[in-house]
Amino acid sequence: MTIQFKTGLMALALLGSTALGTMTAHAAGQEISWIYCGDKIDPIHEKYIKEWEGKNPGWKVTPEVVGWEQCQDKATTLAAAGTPVGMAYVGSRTLKEFAQNDLIVPVPMTDDEKKSYYPNIVDTVTFNGTQWGVPVAFSTKALYWNKDLFKQAGLDPESPPKTWAEEIADAKAIKEKTGIAGYGLPAKTFDNTMHQFMHWVYTNNGKVIDGDKIVMDSPEVLAALQAYKDITPYSVEGATAYEQNEIRAIFLDGKVGMIQAGSGAAARLKDTKINWGVAPLPLGPSAKGKGTLLITDSLAVFKGTGVEDKAIEFAKFITSPGPQGEYELQGGAGLTPLRPSPKVDEFVKADPSWQPFIDGIAFGGPEPLFTDYKGFQNSMIEMVQSVVTGKAEPADALKKAAGEIDAFK
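Treat the numbers as computed from the prediction; the structure is a model and nothing was measured.

Q: Sorry if this is basic, but what is going on with the sheet that holds strand β8 (residues 181-183) here?
A: Paired through backbone hydrogen bonds, the strands of a sheet run either parallel or antiparallel to each other. One open sheet holds the four strands; their spatial order is β8-β11-β7-β12, and the pairing between them is mixed. The two strands at the open ends of the sheet, each matched to only one other strand, are β8 and β12 (276-279). With direction set aside, neighbouring strand axes in the sheet form an average angle of 20°.

Q: Is there a simple way to think about the domain arrangement of the protein chain in this case?
A: One frequent convention defines the size of an interface as the accessible area lost when the parts assemble. Here the protein chain is partitioned into domain 1 (30-140 + 295-366) and domain 2 (142-293 + 367-406). Every contact between the two is made by 26 residues of domain 1 and, on the other side, 28 residues of domain 2. Carbon and sulfur atoms make up 57% of the surface buried where domain 1 meets domain 2, a total of about 2,300 Å² over both sides. Joining domain 1 to domain 2, the criterion identifies five salt bridges. With its nearest N and O atoms 2.8 Å apart, the salt bridge here joins K270 to D351. Inspection of the region where domain 1 meets domain 2 yields eight residue pairs in polar contact (both at pLDDT 80 or more). When residues of the side of domain 1 that touches domain 2 are traced back to their parent elements, those giving at least two are α4 (95-100), β4 (126-127), β13 (293-301), α15 (355-359) and β14 (365-366).

Q: Even after reading the chapter, I still don't get the pairing of strand β11 (residues 256-261), so can you show me in this structure?
A: Successive residues of a regular strand alternate their side chains across the two faces of the sheet. Counted residue by residue, β11 has six buried out of six residues, so it is predominantly covered. Bridge count between strand β7 (residues 142-146) and β11: four bridges; the pairing is antiparallel. Bridging from a neighbouring strand, A142 pairs with A261 of β11. Sheet topology places β8 next to β11; two bridges connect them, and they run parallel. Residue pairing in the sheet places A181 in a bridge with V256 of β11.

Q: Explanation requested: the pairing of strand β2 (residues 60-66) in the structure shown.
A: Sheet analysis places strand β1 (residues 31-37) next to β2, joined by seven bridges and oriented parallel. When the sheet's bridge partners are listed, E31 is paired in β2 with K60. Handedness of the β-α-β unit built from β1, helix α2 (residues 43-55) and β2 comes out right-handed.

Q: Would you take a moment to explain helix α14 (residues 342-350) for this structure?
A: Because each turn of an α-helix spans 3.6 residues, side chains separated by three or four positions end up pointing in the same direction. Three or more residues of α14 are buried, namely V344, F347 and V348. Each buried residue of α14 lies within a common arc of 95° when the element is viewed along its axis, so the set occupies one face. Pointing more than 90 degrees away from the buried face of α14 are the exposed residues P342, K343, D345, E346, K349 and A350. In this structure, the buried side of α14 is in contact with α15.

Definitions and cut-offs
- Residues numbered from 1 in each chain as written.
- Predicted model: local features only at pLDDT ≥ 70, side-chain atom pairs only at ≥ 80, totals over all residues.
- Heavy atoms only, no water.
- Pairing = 2+ DSSP bridges.
- Helix = DSSP H or I, 4+ residues; strand = E, 2+ residues; numbered from the N terminus.
- Axes fitted to C-alpha atoms, helices over the stretch in contact; angles between N-to-C directions.
- Domains from an automatic or database assignment.
- Contact = heavy atoms within 4.5 Å.
- Buried area = accessible area lost by both parts, 1.4 Å probe.
- Salt bridge = Lys/Arg side-chain N within 4 Å of Asp/Glu carboxyl O.
- Polar contact = N/O pair within 3.5 Å; in protein donor to acceptor, adjacent residues only side chain to side chain.
- Buried < 20%, exposed > 50% of the residue type's maximum accessible area, 1.4 Å probe, protein only.
- Right-handed = clockwise from strand over helix to strand, strands pointing away.
- Arc of directions from axis to C-beta.

Here it is, written out as structure tokens:
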């Protein structure tokens, strides 16, 4: 779901903008151009584009479908060159960088709009008290376990771990009794290595940044990094060779006891012979409740088109409870719902495997917003890798990373 933001992209794009001098963007009549990430436009979005156009005579929404790997680059480059699109689908992690480079406009929410979402979701698009995008896609994680491997290890196959201590003990039992890895820990040089670690941070009431203050060098985050060290001997060998989807593939092969993964794993598991279960992520010793990293993608409205107000209006319409609920709950779209509703209750009742993905929201936390998100991400990955490979002790690795990321805020 989430788009990768390439190193140096903003700097290169802004350099191009300077070279172009005073080129100014002009609105193309009454048109809102939309960079739409993916292979094709979702039929539900097509339906609601037509509905909005019908209610707004003279206005047209023009989506341009761009592949996941290129869409955010394209939106950034066009904006920095002075020829922005009206709106684009972006990873919420990049909103701070866009805003501080004066490429997007605020999309403030009313109190009622904020209250319509599950807790903490609005935080994924907020900094300095202002919202800079409208959430359009949302994902959380839960713990999957292989019931047959639990049974072979002498564990209760119907009792997944509820705490880190239990999780580490279960992983150890599986490894020692079956010879199969008890846990799948991804530590490849890849963005979701950082994401996976943040799930541990948020299941122990930890934080990376509070406003503009780095607060990562804390007992809560240190405990998460220590747990990584403790579970590594019972995890998949060579963790730095795997990202989360590769770990998921090993689980689907029945070769690992537990993983943390998104709802997409459940859809794939239903087509396998794996005897599996899914539960909320285990909690650390300082946890206040079930947690997870809250990852959103957003609709960002770009500055300089002359149609900003209408683009905001459309962005809020297409992500409002009716259209958004229909979009995210369609036939296993793989998106965690952004808002509670009777329809969500019916959806979960029909497929209880969704409940753990919602349970973690209440004490979950956002992807930390940094001006140089890539720099932050790389420091976090290097920290994790240094611990799981034994090159650094958790306290030293944490202190080093906390010092580095201060420069990226």
